[in-house]
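# Structural characterization, general
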Amino acid sequence: MDANAWDERYRVSERVWPAEPNRWVVREASGLAPGRALDLAAGEGRNALWLAGRGWRVDAVDFSPVAVRRIADAADGRQAQVRAEVADVTRYTAEEAAYDLVLLSYLQLPRQDMAGVLETACRAARPGGTLLLVGHDVANLAQGTGGPQDPRVLSSVEQVRAAWERCADVVVAEVARRPVGQEEALDTVVRAVRR
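Residues numbered from 1 in each chain as written. Predicted model: local features only at pLDDT ≥ 70, side-chain atom pairs only at ≥ 80, totals over all residues. Heavy atoms only, no water.

### Side note on the pairing of strand 2 (residues 57-62)
The element strand 2 is largely enclosed, with a buried count of 5 among its 6 residues. Strand direction decides the pairing type here: strand 1 (residues 36-40) and strand 2, joined by 5 bridges, are parallel. Counted as the bridge partner of alanine 37 is valine 58 from strand 2. One crossover worth recording links strand 1 to the parallel strand 2 by way of helix 3 (residues 46-53), and it is right-handed. By the bridge criterion, 5 bridges tie strand 2 to strand 3 (residues 82-86) in an arrangement that is parallel. Residue pairing in the sheet places valine 58 in a bridge with valine 82 of strand 3. (Buried < 20%, exposed > 50% of the residue type's maximum accessible area, 1.4 Å probe, protein only. Helix = DSSP H or I, 4+ residues; strand = E, 2+ residues; numbered from the N terminus. Pairing = 2+ DSSP bridges. Right-handed = clockwise from strand over helix to strand, strands pointing away.)

This is how it looks when you write it as structure tokens:
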């Protein structure tokens, strides 16, 4: 899917995703001291806005101008410290060693593109900073419900661990079960601390 397709998806709906932050983002980031955060592929900004509400200064990046406008409007309405920017995360150059938290939430990319974004996240985190990925796990295809049905764009604990172990100490690496109606979805959750 490209930015134009996402723009159209956002245009035809008042809200595509829930306003509440992702449950795994809340679980993994609640105990972190606020600082500077980078939310890569921020969508409508639910996680960025939640972080800003907790005192974080957030840079939110997404390739959909409609989504970025929603983030900026919501941040203005809440007087939240969120700077929203239109950019394709596969080509985005983040400020190096500048962030206390770098977040990727449900970013679905082919493995080669995702490897580059995971590397960007490593470089963007400051030493001692947190890297956090939450995504649809590849096991969700056979054992869960919902999410993308293309295994080439799904996350795995092994993929993210292998990418981040080169620059960080992995603290959490799990396939987590998330309720979806009467069923469950399987998510990859990886949190690491940059060395």
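### Details of the state of the cysteines
Inspection of every chain in the model, using the stated rule, returns 1 disulfide. Each sulfur of the disulfide joining cysteine 122 and cysteine 167 lies 2.1 Å from the other. In this structure, the disulfide formed by cysteine 122 and cysteine 167 twists by about -60° around the S-S bond and is classed as left-handed. In this pair, cysteine 122 sits in helix 5 (residues 111-124) while cysteine 167 sits in the loop between helix 7 (157-164) and strand 6 (168-180), placing the two residues 45 residues apart along the sequence. Cysteine 167 matches cysteine 122 in its accessibility class, with the two residues each being buried. (Disulfide = S-S within 2.5 Å.)

### Topic: the environment of arginine 36
Turning to its location among the elements, arginine 36 is positioned in strand 1. Sequence separation between arginine 36 and aspartate 113 is 77 residues, and the spatial gap between their C-alpha atoms is 25 Å. Those residues in contact with arginine 36 that sit more than four places away from it in its chain are Trp56, Arg57, Asp59, Glu95, Ala98, Tyr99, Asp100 and Leu101. Reaching out from arginine 36, the side chain makes a polar contact with the side chain of tyrosine 99 at a distance of 3.3 Å. (Contact = heavy atoms within 4.5 Å. Polar contact = N/O pair within 3.5 Å; in protein donor to acceptor, adjacent residues only side chain to side chain.)

### With respect to the pattern of salt bridges
Within the structure shown, the criterion is met by 16 salt bridges. Close ionic contact of arginine 27 with glutamate 174 constitutes a salt bridge, the shortest N to O distance being 2.2 Å. On the criterion of sequence distance, the pair formed by arginine 27 in helix 2 (residues 23-29) and glutamate 174 in strand 6 is long-range, its members being 147 residues apart. Judged by its relative accessible area of 39%, arginine 27 falls in the partly exposed class. Two residues, arginine 83 and glutamate 85, come together in a salt bridge whose shortest N-O distance is 3.2 Å. When its relative accessible area of 42% is taken as the criterion, arginine 83 is described as partly exposed. You can call glutamate 85 partly exposed: its relative accessible area is 25%. (Salt bridge = Lys/Arg side-chain N within 4 Å of Asp/Glu carboxyl O.)

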